[in-house]
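Topology and contacts: notes
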2 protein chains.
Amino acid sequence: MLPLDDYVPYLLNRAGARIAQAFSEEIRGLGTTLQAWRVLAALRDRDNQRVSELSDHTSIEISTLSRVLDGMQKQGLIARRRADDDGRVVTLHVTPAGRRLTDRILPVAERYERIAINGLSASETATLKRLLRRLYANMDALNGKREAAE
Amino acid sequence: MLPLDDYVPYLLNRAGARIAQAFSEEIRGLGTTLQAWRVLAALRDRDNQRVSELSDHTSIEISTLSRVLDGMQKQGLIARRRADDDGRVVTLHVTPAGRRLTDRILPVAERYERIAINGLSASETATLKRLLRRLYANMDALNGKREAAE
DNA sequence: TCATGATATTTGTAAATGCAAATATTATGG
DNA sequence: CCATAATATTTGCATTTACAAATATCATGA
């Protein structure tokens, strides 16, 4: 049978797409993009990440991310630094301008979180977050298995 | 504060991206794409949808969708038909070949649903679905408000 | 130490995407 | 009935994206 609105990947995509769409439109007014925000948010969580880590934390494919970083660097939002202990690794750093932009986006991000979970109780929100983390872990386990098989 | 993994849009995107990624890779072996599957799944739910409805149900931007439909039409998976009561409207129909492809993707889709919700109880799964529908409705309400303001 | 393989990132290139404009058709008010 | 506005879809075009290949650096074992 499988009606569409009982299919988790569909529900997930649908909700995510709507939030991303609305949020993107809004921060366009701040002269930036959703992808750039994902990078800034990840680096706010922890600065000094390497490109591959950032790719993981933002869900941006690594070669795409490389070019997103080009753009952000040109805008002076981030800086690339070559790791001194391993010359292959590039680490990313938020500049003061990047921090200022982050601070302007943050209230918007917080507002969209509130809009998204509007009408959910605190316990429902906590459950939602827990289940979403579990979904991610489930998919991640699958990835691990596939890589191990190679 | 806002740590990233406590932020609903982030958790949503992250889980959705992982599922989409794994599923895409898999159905590539069937000679098709995630976007095409979204169209087929939506039309399986209800055939005869117009382009704008399909855009809504698949979360594919309408001009992008128009070209996805071009490709699927060339592959003989769907047919376009002009509505006889309104010449502006184009409705979409799955062909027998499209149905055969759908039948081959369906078991894969069902498997990914199972993988995603692995470890969740039936009641947790039901809760997850309910909360995701609510999130979508919340964002949709926002859209409605914005359009009404114009 | 040197050759070979592994890892991290970037770049080449073709395809996908999305905004805005164009096109086609229908609805509405005078 | 006609002009104008509204609606549905497609197309022009610049940007973004992703796969594969290239590049740069490091690790390993003979």
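It should be emphasised that the depicted structure is a prediction, and the values quoted were computed from it without experimental measurement.

Basis of the calculations
- Residues numbered from 1 in each chain as written.
- Chains lettered and ligands numbered in written order.
- Predicted model: local features only at pLDDT ≥ 70, side-chain atom pairs only at ≥ 80, totals over all residues.
- Heavy atoms only, no water.
- Core = buried A, V, L, I, M, F, W, Y, C linked by side-chain atoms within 4.5 Å.
- Buried < 20%, exposed > 50% of the residue type's maximum accessible area, 1.4 Å probe, protein only.
- Domains from an automatic or database assignment.
- Contact = heavy atoms within 4.5 Å.
- Near = heavy atom within 4 Å.
- Polar contact = N/O pair within 3.5 Å; in protein donor to acceptor, adjacent residues only side chain to side chain.
- Helix = DSSP H or I, 4+ residues; strand = E, 2+ residues; numbered from the N terminus.
- Nonpolar A, V, L, I, M, F, W, Y, C, P; charged D, E, K, R; others polar.
- Expected span 1.5 Å × (residues − 1).
- Buried area = accessible area lost by both parts, 1.4 Å probe.
- Salt bridge = Lys/Arg side-chain N within 4 Å of Asp/Glu carboxyl O.
- Phe/Tyr/Trp six-rings, centres within 6.5 Å; stacked < 30°, edge-to-face > 60°.

1. Observations regarding the nonpolar core
- Phe 23 and Trp 37 of chain A together with Phe 23 and Trp 37 of chain B are the most contacted members of the largest nonpolar core, which totals 95 residues.
- Counting contributing residues, this core receives three or more from each of domain 1 (4-116) and domain 2 (122-150) of chain A.
- Apart from residues lying up to four places away in sequence, Phe 23 of chain A is in contact with Leu 34, Trp 37, Ile 105, Val 108, Ala 109 and Tyr 112 of chain A together with Tyr 7 of chain B.

2. Quick word on the protein's contact with DNA strand D
- Lining the immediate surroundings of DNA strand D are 19 residues, of which Ser 63, Arg 67, Gly 87 and Arg 88 of chain A together with Arg 67 of chain B lie closest.
- Close to the protein, within 4 Å, the atoms of DNA strand D belong to sugar or phosphate groups at a rate of 65%.
- The contact in question runs from a phosphate oxygen of DNA strand D to an N or O atom on the side chain of Ser 66 of chain B, over 3.0 Å.
- One nitrogen or oxygen atom from the side chain of Arg 67 of chain B is found 2.5 Å from a base oxygen belonging to DNA strand D.

3. Brief notes about the protein's contact with DNA strand C
- Taken together, the neighbourhood of DNA strand C is formed by 19 residues, with Arg 28 and Arg 67 of chain A together with Ser 63, Arg 67 and Arg 88 of chain B sitting nearest.
- Counted by atom, the contact set of DNA strand C within 4 Å of the protein is 63% sugar and phosphate.
- At 2.8 Å from a phosphate oxygen of DNA strand C is found a side-chain nitrogen or oxygen belonging to Arg 80 of chain A.
- Taken together, the elements giving at least two residues each to the surface near DNA strand C come down to helix H3 (51-58) and helix H4 (62-74) of chain A together with helix H4 (62-74) of chain B.
- Residues of the surface near DNA strand C, tallied by class, amount to 3 nonpolar, 7 polar and 9 charged.

4. Description of helix H1 (residues 8-28) of chain B
- If you check H1 of chain B, its first and last C-alpha atoms are 30 Å apart, about what 21 residues at 1.5 Å a residue would give, namely 30 Å.
- When H1 of chain B is considered as a whole, its buried residues turn out to be Val 8, Pro 9, Tyr 10, Leu 11, Leu 12, Arg 14, Ala 15, Arg 18, Ile 19, Ala 22, Phe 23 and Ile 27 of chain B.

5. A look at the side chain of His 93 of chain B
All names here are of chain B.
- Inspection of the secondary structure puts His 93 in strand S2 (residues 90-94).
- A relative accessible area of 6% means that His 93 is categorised as buried.
- With near-sequence residues (within four places) excluded, His 93 lies in contact with Asp 47, Asn 48, Leu 77, Ile 78, Ala 79 and Arg 81.

6. Section: the side chain of Thr 125 of chain A
- In this fold, Thr 125 of chain A is placed in helix H6 (residues 122-148).
- Residues contacting Thr 125 of chain A, with those up to four places away along its chain left out, are Ile 117 and Leu 120 of chain A.

7. A short note on unusual backbone geometry
Residues and elements named next belong to chain A.
- Within the chain, Asn 48 stands out as a residue other than glycine whose phi angle is a positive 75°.
- Tracing the backbone through its elements, the reader meets Asn 48 in the loop between helix H2 (34-45) and H3.
- Given the relative accessible area of 41%, Asn 48 is considered partly exposed.

8. Considerations on the interface of chain B and chain A
- The partner chain A presents 60 residues to the 60 residues of chain B that form the contact.
- Roughly 5800 Å² of surface becomes buried between chain B and chain A when both sides are summed, with 60% attributable to carbon and sulfur atoms.
- Of all residues in chain B, the largest losses of buried area upon contact with chain A belong to Arg 18, Tyr 136 and Met 139 of chain B, amounting jointly to 12% of the total for that side.
- Inspection of the chain B/chain A interface yields 10 salt bridges.

9. Considerations on the domain arrangement of chain A
- Parsing chain A into structural domains produces domain 1 (4-116) and domain 2 (122-150).
- One C-alpha centre belongs to domain 1 of chain A, the other to domain 2 of chain A, and the line joining them spans 20 Å.

10. A closer look at the packing of aromatic side chains
- One pass over the full model with this rule turns up 4 aromatic pairs over all chains.
- Here the aromatic rings of Phe 23 of chain A and Trp 37 of chain A are separated by 6.2 Å at their centres, their planes lie at 50°, and the arrangement is tilted. With Phe 23 of chain A in helix H1 (residues 8-28) and Trp 37 of chain A in helix H2, the pair connects residues that are 14 residues apart, well separated along the chain. The burial state of Phe 23 of chain A is the same as that of Trp 37 of chain A; both residues are buried.
- Aromatic pair Phe 23 of chain B and Tyr 112 of chain B: ring centres 5.6 Å apart, planes at 85°, arrangement edge-to-face. Residue Phe 23 of chain B is located in helix H1, and its partner Tyr 112 of chain B is located in helix H5 (residues 96-116); the two are separated by 89 residues in the primary sequence. Taken as a pair, Phe 23 of chain B and Tyr 112 of chain B share a single burial class, namely buried.
- Taken together, the ring pairs in this structure connect Phe 23, Trp 37 and Tyr 112 of chain A into an aromatic cluster.

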